[in-house]
Amino acid sequence: MNNPLINPGLGTFVWMLVAFGILCFILIKWGWPMLLGPLKAREEAIREALGAADKAKEEMKQLQSHNEDLLKEAKHERDEMLRNARLTSEKIIEDARVKAAAEADRIVESARENINYEKLKAMHELKNQIANLSIEIAEKLIKSELSDKQKANELIDRELKDCQL
């Protein structure tokens with residue numbers, strides 16, 4: 001078992017160390033930066049992605065806060081609109097009630113005027129009928145009194161005297 005790879009001699013060992021040293025020097029000088037460059041770029045990309053994620057997270061919080069504010073404002077506007085609608089409907093109902101009361105008063109007043117008019121009309125007709133009846137009665141009485149010539153002359157004389165006074 002005298003294989004130089006398994007049991008290397010001192011010279012082989014030194015040359016292996018020199019070769020390993022040169023290899024390490026080359027790798028450190030040119031290879032390591034080539035490996036570290038992409039790693040640093042990846043690290044920077046990850047850092048930027050984390051920063052962007054934090055920024056997006058903060059923007060999401062702001063948007064959520066803004067959305068909550070908008071929702072509160074919309075609820076407030078809705079409540080305001082409902083209150084205004086309620087007030088408007090109450091005002092419309094009150095206006096309608098006032099108009100109805102005014103219309104009812106106008107109708108009652110119109111009915112009173114019609115009743116008074118009809119009452120006056122009935123009284124006028126009654127007076128006309130009474131006057132007509134009085135005239136008819138007077139006519140019948142005068143006919144009965146004028147049927148006798150002497151009574152007729154006395155009545156005419158008496159009426160003429162009354163007219164002259």
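In what follows, the accompanying structure is described.

### Side note on the overall build of the chain
When you go through the chain residue by residue, the secondary structure sums to two helices and zero strands. Its C-alpha atoms give the chain a radius of gyration of 65 Å, more than 25% over the compact-globule value 15 Å for 165 residues. Looking at the chain as a whole, 2% of its 165 residues are labelled buried. On the chain, roughly 15,500 Å² of surface is accessible, and the fraction owed to carbon and sulfur atoms is 64%. Side chains of the chain carry 26 positive and 29 negative charges; the gap between the two charge centres is 6 Å.

### Topic: a nonpolar patch on the surface
Together, Leu10, Phe13, Val14, Trp15, Leu17, Val18, Ile22, Phe25, Ile26 and Trp30 make up a nonpolar patch on the protein surface, roughly 1,100 Å² of accessible area in all. With respect to the helices, strands and loops of the structure, valine 18 is situated in helix H1 (residues 10–146). Exposure remark for valine 18: the relative accessible area of 36% places this residue in the partly exposed category.

### A word on the environment of glutamate 113
As for its position among the elements, glutamate 113 is in helix H1. You can call glutamate 113 partly exposed: its relative accessible area is 49%.

### A look at a negative patch on the surface
The grouping of Glu68, Asp69, Glu73 and Glu77 at the surface amounts to a negative patch. Relative to the elements of secondary structure, glutamate 68 occurs in helix H1.

### Observations regarding the pattern of salt bridges
By the definition in use, this model includes seven salt bridges. Salt-bridge contacts for arginine 78 lead to aspartate 79; the nearest nitrogen and oxygen are separated by 3.1 Å. Through salt bridges with shared partners, one network takes in Glu43, Glu44 and Arg47.

Cut-offs and rules
Residues numbered from 1 in each chain as written. Predicted model: local features only at pLDDT ≥ 70, side-chain atom pairs only at ≥ 80, totals over all residues. Heavy atoms only, no water. Helix = DSSP H or I, 4+ residues; strand = E, 2+ residues; numbered from the N terminus. Rg over C-alpha atoms; globule rule 2.2 N^0.38 Å. Buried < 20%, exposed > 50% of the residue type's maximum accessible area, 1.4 Å probe, protein only. Areas by Shrake-Rupley, 256 points an atom, 1.4 Å probe, with all protein chains shown as cover. Lys, Arg positive; Asp, Glu negative; His and termini not counted. Charge placed at Lys NZ, Arg CZ, Asp CG, Glu CD. Patch = residues over 30% accessible without salt bridge, like charges linked within 9 Å, V, L, I, M, F, W, Y side chains within 5 Å. Salt bridge = Lys/Arg side-chain N within 4 Å of Asp/Glu carboxyl O.

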